[in-house]
Amino acid sequence: MNIPVNLKYTKDHEWVSIDGDTATVGITDFAQKELGDIVYVEVETLDQTLDKDEVFGTVEAVKTVSDLFLPLAGEIIAFNDALESTPESVNSDPYGAGWMIKIKIANMAEVDDLLSSESYKELIGA
C-alpha cells in the first residue's frame, strides 16, 4: 500500500499536499483500490468556497459512486481537467496525475487536524 509520508490524510481517504496556502487534494491508494476501476470524476464546485467536510464532487467507479469530502475549508481554485478524458489516472497514479482539485486554504489551523501517514496507516490497518 502506497502511503507517502510527505502528505496529510483524512478519515474519508483523501490525501492533501500543502504548498503555502494552497492544498492539492486527491483520493488515496487505499480508496482507489476499494472503489475499483474509476470511470468518471465530477467536480462542479470550481471557484466556490466550501467548508471543511462539505462534498466537493463525486467519483464514479464501475459498481459505485462515492462522494468526495473537502479536507480543509477554502476556495476550490483548480480542477484536474485531464481526469475528464482519463479518469483511470486516479487508479494508476492517485498521488500524481490522479490529483483532483486545488484549494486556497481559508484556515491554516485546520491542517493540524489532518492525519499523518502513520495515523492513516493505523486507520486502514496497513
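The rules we used
Residues numbered from 1 in each chain as written. Predicted model: local features only at pLDDT ≥ 70, side-chain atom pairs only at ≥ 80, totals over all residues. Heavy atoms only, no water. Pairing = 2+ DSSP bridges. Helix = DSSP H or I, 4+ residues; strand = E, 2+ residues; numbered from the N terminus. Core = buried A, V, L, I, M, F, W, Y, C linked by side-chain atoms within 4.5 Å. Buried < 20%, exposed > 50% of the residue type's maximum accessible area, 1.4 Å probe, protein only. Contact = heavy atoms within 4.5 Å. Axes fitted to C-alpha atoms, helices over the stretch in contact; angles between N-to-C directions. Polar contact = N/O pair within 3.5 Å; in protein donor to acceptor, adjacent residues only side chain to side chain. Phe/Tyr/Trp six-rings, centres within 6.5 Å; stacked < 30°, edge-to-face > 60°. Patch = residues over 30% accessible without salt bridge, like charges linked within 9 Å, V, L, I, M, F, W, Y side chains within 5 Å. Areas by Shrake-Rupley, 256 points an atom, 1.4 Å probe, with all protein chains shown as cover. Salt bridge = Lys/Arg side-chain N within 4 Å of Asp/Glu carboxyl O. UniProt positions renumbered as here; feature names shortened; annotations may be inferred.

Visitor: Looking at this structure, I do not really get the sheet that holds strand S8 (residues 74-79). What am I missing?
Guide: In sheet architecture, strand pairing relies on hydrogen bonds along the backbone and comes in two forms, parallel and antiparallel. Pairing is antiparallel in the open sheet, where 6 strands are placed in the order S1-S2-S3-S9-S8-S5. Two strands bound the open sheet, and with one partner strand each, they are strand S1 (8-9) and strand S5 (49-50). Both S8 and strand S9 (residues 101-105) contribute to a ladder of 5 bridges, which runs antiparallel. When the sheet's bridge partners are listed, Ala78 is paired in S9 with Lys102.

Visitor: Please clarify how the nonpolar core should be interpreted in this entry.
Guide: Nonpolar side chains tend toward joint burial in soluble globular proteins. Ranked by size, the top nonpolar core spans 26 residues in total, and within it Ile27, Val41, Phe56, Met100 and Ile101 carry the most contacts. Where this core is concerned, the elements lending two or more residues are strand S3 (22-27), helix H1 (29-35), strand S4 (38-42), strand S6 (55-61), S8 and S9. Beyond its immediate stretch of four places on either side in the chain, Met100 contacts Val25, Gly26, Ile27, Val41, Leu68, Ala78, Phe79, Asn80, Leu83 and Val90. With 10 residues, the next largest nonpolar core counts Leu7, Phe30, Ala78 and Ile124 among its residues.

Visitor: Sorry, what's going on with the sheet that holds S4 here?
Guide: Spatially, S4-S6-S7 is the arrangement adopted by the 3 strands of the open sheet, whose pairing is antiparallel. Unpaired on one side and paired on the other, S4 and strand S7 (65-69) mark the two borders of the sheet. For this sheet the average axis-to-axis angle between neighbouring strands, irrespective of direction, equals 25°. Both S6 and S7 contribute to a ladder of 5 bridges, which runs antiparallel.

Visitor: I'm lost on the side chain of Asn91 in this one. Help?
Guide: If you trace the backbone, Asn91 turns up in helix H2 (residues 89-92). Residue class for Asn91 comes out buried when judged on its relative accessible area of 18%. At a separation of 2.8 Å, a polar atom in the side chain of Asn91 contacts the main-chain amide nitrogen of Ile38. Beyond its immediate sequence surroundings of up to four residues, Asn91 is in contact with Gln32, Gly36, Asp37 and Ile38.

Visitor: Would you explain the packing of aromatic side chains in this entry?
Guide: Each aromatic ring pair is summarised here by two numbers: the centre-to-centre distance and the angle between the ring planes. Throughout the structure, instances matching the rule amount to 2 aromatic pairs. Centroid distance Tyr9 to Tyr120: 4.8 Å. Interplanar angle 15°. Geometry classified as stacked. With Tyr9 in strand S1 and Tyr120 in helix H3 (residues 117-124), this residue pair connects regions lying 111 residues apart in the sequence. Overall, Tyr9 belongs to the buried group, its relative accessible area being 0%. A residue is classified by how much of its surface remains accessible, and Tyr120, at 0% relative accessible area, is buried.

Visitor: I tried to follow a nonpolar patch on the surface on my own but got confused; where do I start?
Guide: Nonpolar side chains collect at one region of the surface, where Val39, Tyr40 and Val62 lie side by side and expose about 280 Å² of accessible area between them. Following the sequence through the fold, Val39 ends up in strand S4.

Visitor: Sorry, what's going on with the UniProt feature "modified residue: N6-lipoyllysine" (unreviewed entry) in the chain here?
Guide: Those residues carrying the UniProt feature "modified residue: N6-lipoyllysine" (unreviewed entry) are Lys63 in this numbering. The topology assignment puts Lys63 in the loop between S6 and S7. Judged by relative accessible area, Lys63 falls into the exposed class, the value being 81%.

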